[in-house]
Amino acid sequence: MKRFRRHGHDSQRDKLKQELYQFNKSVEHGFPHQPSALAYSPDLDLLAIGTRSGAIKLYGAPGVEFMGLHDENATVTQVHFLPHQLELVTLLDDNSLHMWTLRAHQGVSELLEVGRFTLTGPPGAPPSVTRVTTVLAHSSGELLLLGTEGGHVFVVEVPGFRELEERNISVEDIQARIPEEYVPRRNLECVEALHEKPLNPNQVLIGYGRGLMVLWDLERQCAIQHFLGTQQLESVWWMEDGEHILSSHSDGSYCCWLTTGGDVQSEPEKQDTPYGSFPCKAISKVLQFPTKQGPPFLIFSGGMPRASYGDRHCISVIHSKTHIALDFTSRIIDFFVIREGEQHTGDPSALVVLVEEELVVVDLLTDGWPVIQTPYLVPLHCSAITCSHHVSSIPFKLWERILAAGDVQNTHYSNKPWPITGGQNLAREPPQRDLLLTGHEDGTVRFWDASGVCLHPMYKLSTAGVFHTDGDPNDNLNQGAEGEWPPFRKVGCFDPYSDDPRLGIQKIHLCKYSGILTVAGTAGQILVLELNDEMAEQVVPATVVDLLQGQDGFRWKGHTRLDVREEPVSFPAGFQPFALVQCQPPAVITAIALHSEWKLVAFGTSHGFGVYDYQQKSNVFARCTLNPSDQLAMEGPLSRVKSIKKSLRQSFRRIRRSRVSMRKHQTANAAKLQELNAKLEAEALQEMELAPVQRRIEARSSDDSFTGLVRTLYFADSFITDSTHCTPSLWAGTNGGAVFAYMLRLPPVERRMEDPVTGSQAKEIQLMHRAPVVGLAILDGRGVPLPEPLEVAHDLARSPDMLASHHLLVISEEQFKLFTLPKVSTKTKLKLTAIDGSRVRRVGVALFGSSRVEDYGENGLVVLTNQGELHVISLPAIKMQVHHPCIRREDVSGIASCVFTKYGQGFYLISPSEFERFSLSARWVVEPRCLVESPNIPSTVVDPTKTRCLGDGYDGSDIRRGNDNEVLQEIQKSLEGDQMGHADNNIKPSD
């Protein structure tokens, strides 16, 4: 009977787990890593980006985004939307073509692959015959023209990918009609360009690599005109009138050809080299658009003088007397122009440029052609990300003040709204305001709106102005001087270079209730900042803290500390520093904690930790945690500047010494090892009640390097000395498995500025297995983690239970251990499995709300291991609830970058420029919900039973085209169903 009762209890718990926990990877934030192709659909008003990893991403209005991934791990070289349809075609570098469609299902659109195709040539033909170099999606929406490396043009019917052999254009047909005197006729090279004539879709312009261009009639299957260019062809562009053609060439020139002349034209009507007669780089793409009121816009990429500016990545824009060379910091992938009007036939309104590291949109309607701020695809890595910090449920007042500070910084951006507005964002407004803060290598901290699908930039804080650095902030070497030729103008925000690596941000903590921000860096600097709505000029007072505390035998060999400016520094509206702590030695800050109610900041390095009173601007105490063996802690991360010869010499000396000492100490080491194993076996016998998957912990030697490195700091008001009086305290965990507890004595409020804060050591715990302590938390009498500082004062959390005993939770890399307070005796523990050598890398406390019962939730510990697995552990029972694989175990940087939210979500870097967002909560899920309708047919209705998967040869033939009423009724029904099942957009129903 007992077994049956337990089974019933377990089934109820399993059901509850389904209502609490559900793993989803919901959306990718940031800029696609290694983009390789760009496309734009004026009909759908959607932007498409392909990447080298085979991903295809579509973007429309903010919140409208889709992602697909090719099975093949191949680069997407071209993307083409089919005119007036919901389909697009991708070309990969393995020469395969793929058909994608935006299909409506249950009221939202999905990006699905519905077909694939590879050209096959005649038996025995070389691969160049069918190697596709360019694709033309015909305006009929029924044909694809494929130009190849061998000079042939194949005609393929879509969506079925059926080759129309009778309509193919062979290179022999072209060569037969070229005049004999034309030199390149014997080898035309590959097809570089295919363009449909604007006013006659039956005529197509074929451009060949050696310079020849042929106007071909698709109906009559014959050449109409030949344009005998002699320079290597890069691109062609039809003028809107259909009478003029622009061609760009490898020598930095472009030509204008007239199509109303004779059958053969050997000379262009006009030829120009924009940047002089000296050798220039190729103009890889040229566009020209008419305007209603004046001269046209001429836009081209490349063409720079090879000797002087051959390394620049430029797009030149010429209109009337205005000529600007937009200078980008990374390689240009592609660009296009958006035009005004519903049919996109008006004046050019925006230039959209995809470069290797960012997307830049230039406003062509506003004087000066300013840049339009992007609501998505923002380069998170404009300077390399070094750390991140998430803050949930930001108060409205603080949110508005941060936005206002950001608006002051963004005055150089255009006021024009975002020009890409395709699709409908069906997601509801986020129920709360969330911030993601990222620290960067150049000493900046960027604030991102992480409430919804779009990770939108809000504000940027720079800490470099507090210090003297090698770079002068007033210098701008990329900005062209007046009268300079070419007329360069730097655009974009990607800047991978840092004036001083010591500025790099390592730790961030923001108190959302007080608006106090702490930022810690690579050279032992900790800045305390407050939000100010006005510009201010002030001197930042610095306090130097010696963490060695007079210990002899240690000599710092790393970088020097940053020099603080002694003169007043002007700070714009926003977060402004009012206190600075400088650790000595100036090692990397490894841990930080802020208690804004007590006005204290705790900080730790590889040498020790300390507490700083930012109200009195004085140090409270410092504690050195170094062991005699921690010599590596004195090296520093930036001290690796030794010569190769010296390093090799020291390495060989160590090898020789180790060989000698190995023979001397082999016997002694063997005895120690046997003794240690015996102790471990005895401990294991005492712990036989543990589950069989839990493992025996391997004890670590105290001689390991960096044992004194401080991994975690934690402020708490709890029972330290006895079970009747709560005492403010600081807890610190180190890399050597030690936990230090310091009791803090705070003066009364009325004497806070006069009397000093003092601290004294109350307890010290040494874990037997000496594994690094990565997290600390105290649970109150109800088993709930203590609230954040000021959280109870703002009525956003219940007061902690101070009647029952508290418990200390110590999270090491290998186990979770619960101690009673104040006696510090072990109550329970949980160990990780030894099968795969798991180690805890990231940990956080989260509240998991039920997807069925609105007012029910459970606190849990969210853990990420070095295997890339996520675990949820219940509190206070310390029992495993669920686990899911999340990150590849080889992705060390992704695991190290992970940050958790307070509601069971998380972010980690999948590339230097992209965050993957995931959720372990069944209630809180942020994911795109959007709909794209056909420009001619309101939507497509699909029978779900006929939906096929990728790679089964499906050609889209079973799509039923619905009329307006049917489609609207289906969408309305699905939306009504969603409203009944969802409390809000971020609450996802349980399975």
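Conventions we followed
Residues numbered from 1 in each chain as written. Predicted model: local features only at pLDDT ≥ 70, side-chain atom pairs only at ≥ 80, totals over all residues. Heavy atoms only, no water. Helix = DSSP H or I, 4+ residues; strand = E, 2+ residues; numbered from the N terminus. Contact = heavy atoms within 4.5 Å. Areas by Shrake-Rupley, 256 points an atom, 1.4 Å probe, with all protein chains shown as cover. Salt bridge = Lys/Arg side-chain N within 4 Å of Asp/Glu carboxyl O. Buried < 20%, exposed > 50% of the residue type's maximum accessible area, 1.4 Å probe, protein only. Expected span 1.5 Å × (residues − 1). Arc of directions from axis to C-beta. Pairing = 2+ DSSP bridges. UniProt positions renumbered as here; feature names shortened; annotations may be inferred. Phe/Tyr/Trp six-rings, centres within 6.5 Å; stacked < 30°, edge-to-face > 60°. Lys NZ or Arg CZ within 6 Å of the ring centre and 35° of its normal. Axes fitted to C-alpha atoms, helices over the stretch in contact; angles between N-to-C directions. Core = buried A, V, L, I, M, F, W, Y, C linked by side-chain atoms within 4.5 Å. Polar contact = N/O pair within 3.5 Å; in protein donor to acceptor, adjacent residues only side chain to side chain. pLDDT = per-residue confidence, 0-100.

J.: Would you mind going over the overall build of the protein chain with me for this structure?
T.: Within the protein chain, the regular secondary structure consists of 7 helices and 67 strands. The long-range share in the protein chain, meaning contacts at least 24 apart out of those at least 6 apart in sequence, stands at 59%. Accessible surface, the protein chain: about 44500 Å² in total, of which carbon and sulfur atoms supply 49%.

J.: Got a minute to help me understand the pattern of salt bridges in this structure?
T.: Two side chains with opposite charge may pair up if their charged atoms get near one another. For the structure shown, the criterion picks out 26 salt bridges. In this structure, the salt-bridge partner of Asp217 is Arg220, at a minimum N-O distance of 3.6 Å. Using a relative accessible area of 7% as the deciding quantity, one classes Asp217 as buried. Judged by relative accessible area, which is 56%, Arg220 ranks as exposed. Of the charged contacts in the structure, one is a salt bridge between Asp327 and Arg312, with a shortest N-O distance of 2.9 Å. Pair noted here: Asp327 is in strand 26 (residues 322–328) and Arg312 is in the loop between helix 3 (306–309) and strand 25 (313–319), with a separation of 15 residues, a long-range link. Salt bridges here are not isolated pairs; linked through shared partners, they connect Asp71, Glu72, Glu113 and Arg116.

J.: Explain helix 4 (residues 396–409) to me, please; I cannot follow it from the model alone.
T.: Between the first and last C-alpha of helix 4 there are 20 Å, a value that for 14 residues agrees with the 20 Å anticipated at 1.5 Å per step. Listed in full, the buried residues belonging to helix 4 are Leu398, Trp399, Ile402, Ala405 and Gly406. Around the axis of helix 4, the buried residues are gathered within 130° of arc, so they sit on the same side. Structural note: helix 4 exposes Phe396, Lys397 and Asp407 on the side pointing more than 90 degrees away from its buried face. Next to the buried residues of helix 4 lie strand 33 (435–440), strand 34 (444–449), strand 35 (456–462), strand 40 (525–532) and strand 45 (574–584).

J.: What is the right way to read the pairing of strand 63 (residues 905–911) from this model?
T.: The two faces of the sheet receive side chains in turn, since in a regular strand these alternate between them. In terms of burial, strand 63 is largely enclosed, as 6 of its 7 residues are buried. Pairing between strand 62 (residues 899–900) and strand 63: 2 bridges, direction antiparallel. Within the sheet, the bridge partner assigned to Val899 lies in strand 63 and is Phe907. Two strands pair when backbone bridges link them, and strand 63 and strand 64 (residues 914–921) are joined in this way by 6 bridges, in the antiparallel orientation. Considered in strand 64, the bridge of Tyr908 is made with Glu916.

J.: Any chance you could explain the UniProt feature "repeat: WD" (unreviewed entry) in the protein chain here in plain terms?
T.: Residues annotated by UniProt as "repeat: WD" (unreviewed entry) correspond here to residues 431–449. Measuring from the first to the last C-alpha atom of residues 431–449 gives 13 Å, for a span that is 0% helix and 63% strand.

J.: Is there a simple way to think about the sheet that holds strand 12 (residues 153–157) in this case?
T.: Hydrogen bonds between backbone groups are what pair the strands of a sheet, and the pairing can be parallel or antiparallel. A sheet is described by the order of its strands in space; here 4 strands give the open sequence 10-11-12-13, paired in antiparallel fashion. Across the chains shown, the open sheet's two edge strands, defined by having one partner strand only, are strand 10 (132–137) and strand 13 (162–163). Where strand 12 lies against strand 13, 2 bridges are found, and the strand directions are antiparallel. Bridging across to strand 13, Glu157 finds its partner in Arg162.

J.: Even after reading the chapter, I still don't get the packing of aromatic side chains, so can you show me in this structure?
T.: Here the distance between the centres and the angle between the planes together describe a pair of aromatic rings. Enumeration according to the criterion identifies 26 aromatic pairs in this entry. Measuring from ring centre to ring centre gives 5.3 Å for Tyr59 and Tyr376, while their planes differ by 20°; the resulting arrangement is stacked. Note that Tyr59 is positioned in strand 4 (residues 55–59) and Tyr376 in the loop between strand 30 (371–372) and strand 31 (385–391), a separation of 317 residues in sequence. Look at Tyr59 and you get buried, because its relative accessible area is 5%. By the ring-pair criterion, three or more aromatic residues cluster together here, those being Phe23, Phe900, Tyr908 and Phe918. Between the NZ or CZ atom of Lys285 and the centre of the ring of Phe335, over which it lies, the distance is 4.9 Å. Over the ring of Phe488 we find Arg312, and its NZ or CZ is 4.2 Å from the ring centre.

J.: How should I be thinking about the sheet that holds strand 20 (residues 254–258) in this particular structure?
T.: With respect to topology, 4 strands assemble into an open sheet ordered 18-19-20-22, the strand pairing being antiparallel. Of all the strands in the sheet, just strand 18 (233–238) and strand 22 (270–272) have a single pairing partner and so form its edges. Mean inter-strand twist for the sheet, computed between neighbouring axes without regard to direction, equals 15°. Both strand 20 and strand 22 contribute to a ladder of 3 bridges, which runs antiparallel.

J.: Teacher, can you tell me more about the nonpolar core here?
T.: Nonpolar side chains tend toward joint burial in soluble globular proteins. If you look at the biggest cluster of nonpolar residues, it comprises 38 residues, and the most contacted ones within it are Phe328 and Leu351. Mapped by element, the contributors of at least two residues to this core are strand 20, strand 23 (283–289), strand 24 (297–302), strand 25, strand 26, strand 27 (332–339), strand 28 (348–355) and strand 29 (358–363). In this structure Leu351 touches Ile299, Ile315, Val317, Leu326, Phe335, Phe336, Val337, Val360, Val361, Val362 and Leu364, once residues within four positions along its chain are discounted. Listed in part, the 33 residues of the second largest apolar core include Ile402, Leu437, Phe447 and Phe467.

J.: Looking at this model, I keep getting lost on the environment of Ser316. Mind explaining?
T.: With respect to the helices and strands, the residue Ser316 is situated in strand 25. The sequence separation of Ser316 and Leu326 amounts to 10 residues, and the corresponding C-alpha distance is 6.0 Å.

J.: Please clarify how the environment of Glu357 should be interpreted in this entry.
T.: Assignment of secondary structure puts Glu357 in the loop between strand 28 and strand 29. Residues Glu357 and Pro379, spaced 22 residues apart in sequence, show a C-alpha to C-alpha distance of 6.7 Å. Non-local contacts of Glu357, meaning those with residues more than four positions away in its chain, are made with Phe31, Ser330, Pro379, His381 and Phe494. Engagement of the side chain of Glu357 in a polar contact is seen with the side chain of His381, the distance being 2.6 Å.

J.: How do you make sense of the confidence of the model for the protein chain when you look at a structure like this?
T.: If pLDDT is low for a region, its predicted coordinates should not be looked at in detail. Averaged over all residues, the pLDDT of the protein chain is 86; the fraction at 70 or higher stands at 84%. A low-confidence stretch, residues 1–5 (pLDDT under 50), is modelled with 0 contacts involving residues beyond four sequence positions or located in other chains. The model gives residues 678–696 a pLDDT under 50, and that stretch makes 22 contacts with residues more than four places away or in other chains.

J.: How should unusual backbone geometry be read in this particular structure?
T.: Comment: phi is negative for the bulk of residues other than glycine, and the bulk of peptide bonds are trans. Residue Leu821 is joined to Pro822 through a cis peptide bond whose omega torsion reads 5°. Cis peptide bonds are those with omega within 30 degrees of zero, and the linkage from Leu875 to Pro876 qualifies with 5°. The residue Ser320 is not glycine, and still its phi comes out positive at about 55°. Mapped onto the elements, Ser320 comes out in the loop between strand 25 and strand 26. Ser320 sits in the exposed class, given a relative accessible area of 51%.

J.: Whenever I open this one, the environment of Asn627 confuses me. Can you help?
T.: Relative to the assigned elements, Asn627 resides in the loop between strand 49 (618–624) and helix 5 (644–686). A polar contact of 2.5 Å, which involves the side chain of Asn627, links it to the side chain of Thr707.

J.: How do you make sense of the side chain of Ser718 when you look at a structure like this?
T.: In this fold, Ser718 is placed in strand 50 (residues 710–719). A polar atom in the side chain of Ser718 sits 2.8 Å from the side chain of His806. Every residue in contact with Ser718, bar those within four places of it in the chain, is listed here: His725, Cys726, Thr727, Ile778, His806 and Leu821.

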